[in-house]
Amino acid sequence: MNRVSFQTLLFAVLSLIFIILITFLSSDFPTYPLISYQDALDLFTPMVLLSIYWLLFKNSSKSNTTRRQEITFMIFAAFWVEGQGMHLSANSINNLIGKLAENQVIDITKTDIYHLTYFFDEHLGHIMWHIGILGLAALLIYREWRLPSGEATLWWPVTVAGIIYGFSYFAIFLEGQTTIIGYPFATLRVAWTLISQRRNLAQRPVLAFFFITGLVAFLFFTGWGLYWGGFPQPSDVGIP
């Protein structure tokens, strides 16, 4: 049974949907037009994705989780939830401020209200959320590395999952202006795997998933940085 391999695919697909694809749902939500469909659906993002994180956390090793591991999971999950929630609410308010200014109703884009909202949206929210993403990834890798589940890696779902999530990872950290932590983490993960763990990939599906994820993200980051001479957000170079 290769449940962990398929769980990585489920995780990658749901991450793509709930973190990347819902950003295109910018039309007003009918029952409360001040928010968008994206805002409404994004409320479910932590419930869905952290459930899959927990499944991978439990199933990546044949040993029972220790109290220390569970506390570590809870700490990084708290970073994930608090950062994502902060970004969700501040981003929604930020979008409303932009619409009001665009429609010449009221322009507060030069006020402290806007600057504080932007700080919670684009800085503190992203930093906390992305620390949670990296921390949970490191914890899953560590748990499987210490005592793997014994499941063989089923390469087709793990490879597809790694490609999908590798792109999502790149987009998350690039758009979130946190490339400074996302790029090195992906690079170090790939280097560590190639140097000391490449022979174990066939028996460690979580490690194989994050290796492919890191490799795909590394290639995207490197290509983007070389092409643009840095790491501008997509919106800064005319990509919606």
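Right, let's walk through the structure included here. (Residues numbered from 1 in each chain as written. Predicted model: local features only at pLDDT ≥ 70, side-chain atom pairs only at ≥ 80, totals over all residues. Heavy atoms only, no water.)

**Quick word on the packing of helix H5 (residues 112–146) against helix H8 (residues 205–228)**
Defined as follows: The axes are straight lines fitted to the C-alpha atoms, using for helices just the contacting stretch, and the angles between their N-to-C directions are given from 0 to 180°. Put simply, DSSP marks the helices as runs of H or I at least four residues long and the strands as runs of E at least two long, and each gets a number from the N terminus on. Reported orientations rely on four angle classes, namely roughly parallel under 35 degrees, roughly antiparallel over 145, roughly perpendicular from 65 to 115, and oblique for the rest. Left-handed describes a crossing in which the near helix is turned anticlockwise from the far one by less than a right angle; the clockwise case is right-handed. Throughout, a contact is declared for two residues whenever any of their heavy atoms are within 4.5 Å. Gly is placed with the polar residues, together with every amino acid not listed as nonpolar (Ala, Val, Leu, Ile, Met, Phe, Trp, Tyr, Cys and Pro) or charged (Asp, Glu, Lys and Arg).
Two numbers describe how H5 lies on H8: the axes approach to 8 Å, and their chain directions differ by 140 degrees. The angle between H5 and H8 falls in the class oblique. Here H5 runs over H8; the crossing is left-handed. Mapping the contact onto sequence places Ala137, Leu140, Ile141 and Glu144 in H5 and Pro205, Val206, Leu207 and Phe210 in H8. Among the residues forming the contact of H5 with H8, the class breakdown is seven nonpolar, no polar and one charged.

**Remarks on the nonpolar core**
For the record, the criterion: We define the nonpolar core as a collection of buried residues of types Ala, Val, Leu, Ile, Met, Phe, Trp, Tyr and Cys that are connected through side-chain atoms lying within 4.5 Å of one another. The rule is simple: take the accessible area with a 1.4 Å probe, protein chains only, and divide by the maximum for that residue type; under 20% is buried, over 50% is exposed, in between is partly exposed.
Counting 49 residues, the largest nonpolar core has Tyr53, Trp80, Ile133, Tyr165, Tyr169, Phe209 and Phe210 as the members making the most contacts within it. For this core, the elements supplying multiple residues, two or more each, are helix H1 (3–20), helix H3 (45–59), helix H4 (67–102), H5, helix H6 (155–175), helix H7 (179–197) and H8. Top contributing element to this core by residue count: H8, with eleven residues. Residues within four places of Phe210 in sequence aside, it is in contact with Ala137, Leu140, Ile141, Tyr165 and Arg189.

**Regarding the pattern of salt bridges**
Spelled out, the test is: Salt bridge, as applied in this entry: a Lys or Arg side-chain nitrogen positioned within 4 Å of an Asp or Glu carboxyl oxygen.
Under the criterion given, the structure shown has two salt bridges. Note that Glu151 and Arg3 form a salt bridge whose closest N and O atoms lie 3.4 Å from each other. Residue Glu151 is found in the loop between H5 and H6, and its partner Arg3 is found in helix H1; the two are separated by 148 residues along the sequence. For Glu151, a relative accessible area of 11% translates into the label buried. Across the pair Lys99 and Asp28 runs a salt bridge whose closest N-O atoms are separated by 3.2 Å. Of the two residues, Lys99 is situated in helix H4 and Asp28 in the loop between H1 and helix H2 (37–42); the sequence distance between them amounts to 71 residues. Using a relative accessible area of 41% as the deciding quantity, one classes Asp28 as partly exposed.

**Points about a nonpolar patch on the surface**
Worth spelling out the cut-off: Each patch is built from residues lacking any salt bridge and having more than 30% relative accessible area; the joining distance is 9 Å for like charges and 5 Å for nonpolar side chains (Val, Leu, Ile, Met, Phe, Trp, Tyr). Areas reported as accessible are Shrake-Rupley estimates using a 1.4 Å probe. Residue values count occlusion only from the protein chains shown.
Together, Leu25, Tyr37, Leu41, Leu43, Phe44 and Met47 make up an exposed nonpolar region whose accessible area comes to about 550 Å². By secondary structure assignment, the location of Met47 is in helix H3.

**Brief notes about the packing of aromatic side chains**
The geometry of an aromatic ring pair is captured by the separation of the ring centres together with the interplanar angle, meaning the angle of the planes. Put simply, the test is: Pairing of aromatic side chains here covers Phe, Tyr and the six-membered ring of Trp, requires ring centres within 6.5 Å, and sorts the geometry by plane angle: under 30 degrees stacked, over 60 edge-to-face, intermediate tilted. Criterion for a charge above a ring: Lys NZ or Arg CZ within 6 Å of the ring centre, and within 35 degrees of the ring normal.
According to the stated counting rule, one finds 29 aromatic pairs in the structure shown. Between Trp224 and Trp228, the ring centres sit 5.8 Å apart and the planes meet at 50 degrees, which makes this aromatic pair tilted. Residue Trp224 and its partner Trp228 are located together in helix H8, separated by four residues, close to a single helical turn. For Trp224, a relative accessible area of 14% translates into the label buried. Positioned above the aromatic ring of Phe57 is the side chain of Arg143, whose terminal nitrogen or guanidinium carbon lies 5.3 Å from the ring centre.

**Looking at the environment of Glu122**
Stated formally: Under this definition, polar contacts are N or O atom pairs within 3.5 Å; protein pairs additionally need one hydrogen-donor-capable and one acceptor-capable atom, and for neighbouring residues in sequence, both atoms have to be side-chain atoms.
Among the secondary structure elements, Glu122 is positioned in helix H5. On a C-alpha basis, the gap between Glu122 and Pro234 in space is 14 Å, while along the polypeptide they are 112 residues apart. Once residues lying within four places of it in the same chain are set aside, the contact partners of Glu122 are Glu175, Gly176, Gln177 and Gln233. Separated by 3.3 Å, the side chains of Glu122 and Gln177 make a polar contact.

**Re the packing of H6 against H7**
Following both chains from N to C, one finds H6 and H7 inclined at 150 degrees, their axes separated by 8 Å at the closest point. Classed by the angle they form, the pair H6 and H7 counts as roughly antiparallel. Between H6, through Tyr169, Phe173 and Leu174, and H7, the contact on the second element is made entirely by Thr179, Ile181, Gly182, Phe185, Ala186 and Arg189. By residue class, the composition of the contact of H6 with H7 is six nonpolar, two polar and one charged.

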